[in-house]
Amino acid sequence: MSGGVDSAVAAARCRAAGHEVIGISLRLAAGGGGSCCSLDDFHDAGAVADRLGFPHYVFDLADEFERRVIRPFVAEYVAGRTPNPCARCNRHLKFGVLWERARALGARWLATGHYARIGTDPATGRPYLRTAADAAKDQTYFLFALGPADLAHTLFPVGELTKAEVRAEAAALGLAVADKAESMEVCFVPGGDTAGFVERHAPAEALRPGPIVDEAGRELGRHAGVHRFTIGQRRGLGLTSGSGTRRYVRALDAGTATVTVSDAAGLGARGLVAREVSWTGGAAPAPDTPLAVRIRHRHPPVRARLARADGADTMVLFEGDGPAVTPGQAAVFYRGDAVLGGGWIAEALAERPDQ
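Calculation rules
Residues numbered from 1 in each chain as written. Predicted model: local features only at pLDDT ≥ 70, side-chain atom pairs only at ≥ 80, totals over all residues. Heavy atoms only, no water. Helix = DSSP H or I, 4+ residues; strand = E, 2+ residues; numbered from the N terminus. Rg over C-alpha atoms; globule rule 2.2 N^0.38 Å. Buried < 20%, exposed > 50% of the residue type's maximum accessible area, 1.4 Å probe, protein only. Contact = heavy atoms within 4.5 Å. Areas by Shrake-Rupley, 256 points an atom, 1.4 Å probe, with all protein chains shown as cover. Salt bridge = Lys/Arg side-chain N within 4 Å of Asp/Glu carboxyl O. Expected span 1.5 Å × (residues − 1). Bend = angle between axes of the 7 residues up to and from the residue. Axes fitted to C-alpha atoms, helices over the stretch in contact; angles between N-to-C directions. Left-handed = near helix turned anticlockwise from the far one by under 90°. Nonpolar A, V, L, I, M, F, W, Y, C, P; charged D, E, K, R; others polar. Core = buried A, V, L, I, M, F, W, Y, C linked by side-chain atoms within 4.5 Å. Pairing = 2+ DSSP bridges.

Caption draft 1: Here's a closer look at the overall build of the protein. Counting secondary structure elements, the protein contains seven helices and 16 strands. In terms of overall size, the protein behaves like a compact globule, its C-alpha atoms giving a radius of gyration of 22 Å where 355 residues would be expected to give roughly 20 Å. Dimensions of the protein, computed from the C-alpha atoms along their principal axes, are close to 65 × 50 × 35 Å. Counting across all 355 residues of the protein, residues that qualify as buried make up 49%. Expressed as a percentage of contacts within the protein between residues at least 6 apart in sequence, the contacts between residues at least 24 apart total 64%. With the model as given, the accessible surface of the protein reaches about 16,600 Å², and the carbon-plus-sulfur share is 50%.

Below, the structure written as structure tokens:
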């Protein structure tokens, strides 16, 4: 229970379904300062539990969060990649450590307020992850690593609802969080200042200034570190626009501390390579399997086909010219409303491998 409306209604629905409910909140970021784990959030979660009549506990997972989420987050930015901490938190903490703690309390199910659904494969009888009924709130992008063993003890009680319906249910139950605002920033980064957070946590020698160059290698300016940039970024480059051409970050090379910029036409990719890919069905689909791939949470899925899934790398080719691809983000694969699997983007493909 995060202290928000979604997990509150998820708990209420579990209670209404006849489950014995135990509410658990997580203290993740030591010292606070971000938008998560505040005393107000714990108070709100506890108030919901009191209103609905079940016990509420706070588990301190700050050490695990530091090791599993914060350190990789900082390391990825230093390496010139843009990480996705929410997906890592779900995989390692909420559906990993938290489930082990919940099971020790005698829990049979782990229910969360995520907007997602669980289906059953008619051929195998195994559960699989489905997108939420409310496409605008779907959170399967952050849950791609959940396999059948995880889903077998997981409930997503609000997955069939819209956000408006969730708020209406909370109001009908008299829950004070019915109109509580949502936070869209990285929960442990105060004020959304990612660069400042990385600079406070990374070794000083890892933060190197370097050149900003165009695609021909001509130096256009200087920067204070690749951790301050992400692929597709336009604002904050510190460049004069004498030519009138808008420039965007096209590539980041942490080894040489080089930021390469281009016009918008230079951003597109023909595909991507992903690593640490997990497939819901266990084995990868056959080569040439058509699928859709989401490369950012808010980005619409892109039509593509699976080119290769052997060894450490999975290669996906877009059908036609694709969008800018950001290493470090998740690539999540879909067929219809079913999540086939996902992994971490290692590189963008500027050209098709057969060209």
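Caption draft 2: The arrangement of the pattern of salt bridges in detail. Taken as a whole and judged by the stated rule, the model has 24 salt bridges. Two residues, glutamate 199 and arginine 228, come together in a salt bridge whose shortest N-O distance is 2.8 Å. Within this pair, whereas glutamate 199 is found in helix α7 (residues 194-201), its partner arginine 228 is found in the loop between β8 (219-223) and β9 (248-253), the two being separated by 29 residues in sequence. Taken together, the shared-partner salt bridges in this structure form one network comprising Asp6, Lys137, Lys163 and Glu182.

Caption draft 3: Spotlight on helix α3 (residues 62-78). Taking 1.5 Å per residue as the helical rise, α3 with its 17 residues ought to reach 24 Å, and the 22 Å between its terminal C-alpha atoms agrees with that figure. Of all the bends in α3, the greatest, near 30 degrees, is centred on isoleucine 70, and the proline proline 72 appears no more than four residues after it. Those residues of α3 that fall on the buried side of the exposure criterion are Ala62, Glu64, Phe65, Val69, Ile70, Phe73, Val74, Glu76, Tyr77 and Val78. Contacts made by the buried residues of α3 are with β1 (23-27), β2 (56-60), α4 (85-104) and α7. Immediately beyond the C-terminal end of α3, within one or two residues, lies glycine 80, with a positive phi of roughly 85 degrees.

Caption draft 4: Structural context of unusual backbone geometry. Unlike most non-glycine residues, alanine 257 shows phi in positive territory, near 55 degrees. By secondary structure assignment, the location of alanine 257 is in the loop between β9 and β10 (258-262). A residue is classified by how much of its surface remains accessible, and alanine 257, at 3% relative accessible area, is buried.

Caption draft 5: Seen up close, the packing of helix α1 (residues 5-16) against helix α6 (residues 163-172). At their nearest, the axes of α1 and α6 sit 9 Å apart, and the two run at 65 degrees to each other. When the axes of α1 and α6 are compared, the crossing they make is left-handed. Only Lys163, Val166, Arg167, Glu169 and Ala170 of α6 make contact with α1, whose side of the interface consists of Val5, Asp6, Val9 and Arg13. Split by residue class, the contact of α1 with α6 holds four nonpolar, no polar and five charged.

Caption draft 6: Up close: the nonpolar core. By size, the foremost hydrophobic cluster in this structure holds 42 residues, and its most contacted members are Phe65, Phe73, Val74, Phe156, Phe188 and Val198. Mapped onto this core, the elements with two or more residues apiece are β1, α3, α4, α7, β15 (330-335) and β16 (338-349). The contacts of phenylalanine 65, once residues within four sequence positions are left out, are Leu28, Ala29, Ile70, Cys89, Leu93 and Phe188.

Caption draft 7: Structural view of the environment of histidine 92. Relative to the helices and strands, histidine 92 resides in helix α4. With residues up to four places along the chain from it excluded, the contact list for histidine 92 reads Arg68 and Val97.

Caption draft 8: View of the sheet that holds β10. One open sheet holds the four strands; their spatial order is β8-β7-β10-β9, and the pairing between them is mixed. Each edge of the sheet is formed by a strand with only one pairing partner; in this case those strands are β8 and β9. Taking each pair of neighbouring strands and ignoring which way they run, the sheet shows an average axis angle of 25 degrees. Both β9 and β10 contribute to a ladder of five bridges, which runs antiparallel. Across the sheet, residue tyrosine 248 finds its bridge partner in β10, namely serine 262.

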